[in-house]
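# Per-entry structural report
Spelled out, the chains give:
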Amino acid sequence: MKIRNIAIIAHVDHGKTTLVDQLLKQSGTFRDNEEVNERAMDSNDIERERGITILAKPTAINYKDYRINILDTPGHADFGGEVERIMHMVDGVLLVVDAYEGVMPQTKFVLKKAMEAGLKPIVVVNKIDKPAARPAEVIDEILELLIELDANEEQLEFPVVYTSAINGTSSMDPDVSTQEKTMDNIFNLIINEVPEPCMDSESPLQFQPALLDYNDYVGRIGVGRIARGTMKLNEMVSCVRLDGSIKKFRIQKILGKRKHDGKHHKIERGIPPDLLRTAEPPRQRMTDQKPDQAQNSRHNKRGRDAMPHNIPCLLVMISPDLMRYLNRKTGWNRINRTAEEPLV
């Protein structure tokens with residue numbers, strides 16, 4: 001079975017998770033009599049209550065002879081780090097943009113991360129059924145943004161599909177009357193435009209977690225992509241940390257999506273470019289790697305380099321408190337008046 005790895009990125013409330021719902025439903029992932037909640041990818045209570053995606057989550061879709069691994073990502077700026085971490089796990093991105101709102105601040109952020117990773121976008125103009133939709137202007141905005149982000153020639157030649165995710169329709173034409181009750185247009189673009197990943201299963205194992213999950217029975221779970229080699233259950237591997245230290249441990253559990261129900265199941269082995277979940281050793285970091293031979297870990301040309309590690313920091317701005325100069329009666333801030341007028 002051929003594999004495609006792709007992430008869905010967008011500004012908040014532009015319809016990413018709703019689009020994933022339709023892709024799951026129309027691919028036959030769920031049974032016809034199965035009850036499926038709206039926004040099935042929003043798995044925790046806070047996400048369902050707020051109606052936003054907070055954590056990036058993987059799922060898998062079987063379409064024809066392909067398995068499409070999809071990473072749903074948050075669109076809110078406060079959770080942008082989730083998008084940044086998963087870019088090395090995929091080979092292409094679906095950029096979802098509202099047909100009326102167009103390019104928004106978080107659109108620029110997530111697209112910048114995709115450009116830095118060298119990924120080619122597939123543009124999905126969503127909510128095309130809005131009365132005030134302006135698809136032509138939105139495409140121009142995206143093109144201008146790509147030019148601003150120094151996209152290469154291949155990235156500028158992006159394909160476009162027009163959808164209404166809430167209605168489960170899509171079309172290659174911006175005319176809303178051409179919308180059809182199918183998502184095959186998106187599936188075909190993913191198959192044809194997203195490059196096939198490298199499948200080197202003979203080299204030493206290299207697996208780097210990009211996301212962390214937790215299970216009450218297993219404990220911490222690392223979610224990542226196998227860059228090369230084969231991961232086997234109960235195999236001894238080496239965890240190479242950023243400081244160069246090596247910790248050996250046994251792979252106790254591997255979870256992957258091999259069935260049509262879209263759920264994680266226990267598997268015996270994983271090969272590139274699978275997106276897998278594995279039980280983590282104590283104090284595992286998302287930037288650590290698991291090569292089965294330490295000397296082949298980080299700079300081997302047949303694998304991938306360690307994921308860039310940005311040290312978290314806190315920005316503190318210290319400035320005079322000008323609120324006491326606010327004229328409560330008129331609502332004007334006296335600091336913005338003429339320079340000659342005294343403040344006290």
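Residues numbered from 1 in each chain as written. Predicted model: local features only at pLDDT ≥ 70, side-chain atom pairs only at ≥ 80, totals over all residues. Heavy atoms only, no water.

### Things to note about the overall build of the protein chain
- Secondary structure assignment for the protein chain yields seven helices and 16 strands.
- Per-residue burial over the protein chain gives 49% buried out of 344 residues.
- In the form shown here, the protein chain has an accessible surface area of approximately 18,200 Å², with 49% of it arising from carbon and sulfur atoms. (Helix = DSSP H or I, 4+ residues; strand = E, 2+ residues; numbered from the N terminus. Buried < 20%, exposed > 50% of the residue type's maximum accessible area, 1.4 Å probe, protein only. Areas by Shrake-Rupley, 256 points an atom, 1.4 Å probe, with all protein chains shown as cover.)

### Describing the confidence of the model for the protein chain
- Counting all residues, the mean pLDDT for the protein chain is 76, and 70% of those residues have values of 70 or more.
- Long-range and interchain partners of residues 293-303, a stretch whose pLDDT sits below 50, account for 25 contacts in this model, where long-range means more than four residues apart.
- Every residue in residues 332-339 scores below 50 in pLDDT, and together they form 14 contacts with partners more than four places removed in sequence or on other chains. (pLDDT = per-residue confidence, 0-100. Contact = heavy atoms within 4.5 Å.)

### Remarks on helix 5 (residues 135-148)
- Between its first and last C-alpha, helix 5 extends 20 Å over 14 residues, near the 20 Å set by a 1.5 Å rise per residue.
- Among all positions of helix 5, only Pro135, Val138, Ile139, Ile142, Leu145 and Leu146 are buried. For helix 5, the buried positions fall inside an angular range of 120 degrees around the axis, keeping them on one side. Those residues of helix 5 that are exposed and aimed more than 90 degrees away from the buried face are Glu144 and Ile147.
- Buried residues along helix 5 sit against strand 4 (93-98), helix 4 (105-116), strand 5 (121-126), helix 6 (153-156) and strand 6 (160-164).
- Where helix 5 terminates, the next one or two residues include aspartate 150, which has phi positive at roughly 60 degrees. (Expected span 1.5 Å × (residues − 1). Arc of directions from axis to C-beta.)

### A look at the nonpolar core
- Counting 35 residues, the largest nonpolar core has Ile9, Leu71, Leu95, Val123, Ile139 and Ile142 as its most contacted members.
- Elements that contribute at least two residues to this core include exactly strand 1 (2-10), helix 3 (80-86), strand 4, helix 4, strand 5, helix 5, strand 6 and strand 8 (206-215).
- Considering each element in turn, this core owes the most residues, five residues, to helix 5.
- Counting residues in each nonpolar core, the second largest holds 25 residues, with Ala10, Ile61, Tyr66 and Ile70 among its members. (Core = buried A, V, L, I, M, F, W, Y, C linked by side-chain atoms within 4.5 Å.)

### A look at the packing of aromatic side chains
- Across all of its chains, the model carries one aromatic pair by this definition.
- An angle of 20 degrees between the planes, with centres 4.4 Å apart, marks the rings of tyrosine 63 and phenylalanine 187 as stacked. Of this pair, tyrosine 63 sits in strand 2 (residues 57-63) while phenylalanine 187 sits in helix 7 (residues 184-193); the two residues are 124 residues apart in sequence, bridging distant segments of the chain.
- Taking the relative accessible area as the measure of exposure, tyrosine 63 reaches 9% and is therefore buried.
- Classification of phenylalanine 187 as buried rests on a relative accessible area of 0%. (Phe/Tyr/Trp six-rings, centres within 6.5 Å; stacked < 30°, edge-to-face > 60°.)

### Thoughts on unusual backbone geometry
- At lysine 127, a position not held by glycine, the phi torsion is positive, near 60 degrees.
- Notably, aspartate 150 is not glycine yet its phi reads approximately 60 degrees, a positive angle.
- Of note, aspartate 150 is situated in the loop between helix 5 and helix 6.
- Classification of aspartate 150 by relative accessible area gives exposed; the value is 68%.

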